[in-house]
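One-letter residues, chain by chain:
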Amino acid sequence: GRNWRDGLERLRLNKRPYLGPTSMDAELSLVMTNLAKVRRGSYCYDPFVGTGSILLTCALRGARVLGSDIDVRVLRGRGPDENVSSNFRHYGLPRPELVRTDNALYARHYRDSDPLYDAIVTDPPYGIRAGARKSGSRSDNPRPVLEEHRHDHIAQTRPYAVSDVMAD
């Protein structure tokens, strides 16, 4: 396998254009992708992608990557030079496939037989800094989103208990 120790300095978080409060340290994500046996040509998925730290190390290992997150604002980033894709550009990697989705609602992302992904590598949301969320209104009578506002609508979310995250 490749010796990552020599190049670890260039992968440090402070070298990336886009970070969030829960961006994962490069060394830990390299360990996780190693344990997941991510290789060149692997198809990897991170269902809680956030700022893309895990996908970045999957791509550095030569994998094709897909990530999803419930928060479209995290996926969009702060602008064209501060988003998940800008981190990939920074390292000369192909742009990741990113999808806004609520994993609590869609069991069809995963198959019981004939696997869709070679590896699902993730850091589920938990704790104080990144409390888990799922789609839905906290209101008893939510209002429908009008058609003319759907193009840039940001879906409401509500708390998602850690036990439910793990069960789903």
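How each quantity is defined
- Along each chain, residue indices are assigned from 1 in the same order as the chain's sequence is written.
- In keeping with the model being predicted, local features are shown solely for residues with a pLDDT of at least 70 and side-chain atom pairs are shown and tallied solely at 80 or more, while totals for entire chains, interfaces and linings include all residues.
- Note that water and hydrogens are dropped before the side-chain values are worked out from all heavy atoms of the structure.
- Patch membership requires over 30% relative accessible area and the absence of a salt bridge. Like charges are linked within 9 Å, and nonpolar side chains (Val, Leu, Ile, Met, Phe, Trp, Tyr) within 5 Å.
- For the accessible areas, the method is Shrake-Rupley and the probe is 1.4 Å, while residue cover comes only from the protein chains on display.
- By convention in these notes, a salt bridge is any Lys or Arg side-chain nitrogen within 4 Å of a carboxyl oxygen on Asp or Glu.
- We count a stretch as a helix when DSSP gives it H or I for four or more residues in a row; a strand needs E for two or more, and each element gets its number in order from the N terminus.
- Accessible area is worked out with a 1.4 Å probe on protein chains only. A residue is then buried under 20% of its type maximum, exposed over 50%, and partly exposed in between.
- The charged-residue count follows a simple rule in which Lys and Arg add positive charge and Asp and Glu add negative charge, with His and chain termini not counted at all.
- The term polar contact refers here to a pair of N or O atoms within 3.5 Å; inside protein, the definition further demands a hydrogen-donor-capable atom paired with an acceptor-capable atom, and it admits residues adjacent in sequence only when both atoms are side-chain atoms.
- The contact rule is simple, with two residues in contact once any of their heavy atoms fall within 4.5 Å.
- Here, the term nonpolar core denotes a set of buried Ala, Val, Leu, Ile, Met, Phe, Trp, Tyr and Cys residues that are joined through side-chain atoms within 4.5 Å.
- The arc in question is traced by the directions running from the helix axis to the C-beta atoms.
- Interaxial angle, 0 to 180 degrees, is taken between N-to-C directions of lines fitted to C-alpha atoms, where a helix line uses only the stretch in contact.
- We call two directions roughly parallel when the angle between them is under 35 degrees, roughly antiparallel when it is over 145, roughly perpendicular when it lies between 65 and 115, and oblique otherwise.
- Crossing handedness follows the turn of the near helix against the far one: under a right angle anticlockwise gives a left-handed crossing, and clockwise gives a right-handed one.
- Asp, Glu, Lys and Arg are counted as charged, while Ala, Val, Leu, Ile, Met, Phe, Trp, Tyr, Cys and Pro are counted as nonpolar; the rest, among them Gly, fall into the polar class.

Draft legend 1. Focus on a nonpolar patch on the surface. On the surface, L28, V31 and L35 cluster together to form a nonpolar patch covering roughly 300 Å² of accessible area. Following the sequence through the fold, V31 ends up in helix α2 (residues 26-35). Assessed through its relative accessible area of 43%, V31 is described here as partly exposed.

Draft legend 2. Summary view of the side chain of R16. Mapped onto the elements of the fold, R16 is located in the loop between α1 (8-11) and α2. No salt bridge forms around the buried R16; measuring N to O, its nearest opposite-charge neighbour D25 is 7.3 Å away. At 3.0 Å, the side chain of R16 and the side chain of S53 are in polar contact. Setting aside residues up to four positions removed in sequence, R16 forms contacts with L11, M24, A26, S53, L56, N87 and Y91.

Draft legend 3. Representation of the nonpolar core in the model. Counting residues in hydrophobic clusters, the biggest one holds 25 residues, and the most contacted among them are V38, C44, C58, V65, F88, L93 and V121. Sort the elements by how many residues they give to this core and helix α3 (residues 53-60) lands first, with six residues. Residues contacting L93, with those up to four places away along its chain left out, are L56, A59, L60 and F88.

Draft legend 4. Highlighting the side chain of T51. Assignment of secondary structure puts T51 in the loop between β1 (43-46) and α3. If near-sequence neighbours (up to four positions away) are discounted, T51 is found in contact with Y18, L19, G20, S23, V74, V84 and N87.

Draft legend 5. View of the pattern of salt bridges. Tallied over the full model, the rule gives two salt bridges. Notably, a salt bridge pairs R73 with D71, separated by 3.0 Å at the nearest N-O pair. The salt bridge involving R78 is made with E82; its shortest N-O contact spans 3.0 Å.

Draft legend 6. Region of the structure containing α2. Within the sequence span of α2, burial applies to A26, S29, L30, M32 and T33. Each buried residue of α2 sits inside an arc of 160 degrees when the element is viewed along its axis, so together they form one side. On its buried face, α2 sits against α1 and α3. At the N-terminal boundary of α2, the capping side chain belongs to D25, with an oxygen 3.1 Å from the backbone nitrogen of E27. At the C-terminal side of α2, K37 shows a positive phi close to 60 degrees.

Draft legend 7. Fine view of the packing of α2 against α3. At a closest axis distance of 9 Å, the pairing of α2 and α3 adopts a crossing angle of 60 degrees. Taken together, the axes of α2 and α3 are oblique relative to one another. In this structure, α2 meets α3 at a crossing whose hand is right-handed. Contact with α2, carried on its side by A26, S29, L30, M32 and T33, involves S53, I54, T57 and C58 of α3 and no other residues of that element. Tallied by class, residues from the contact of α2 with α3 come to five nonpolar, four polar and no charged.

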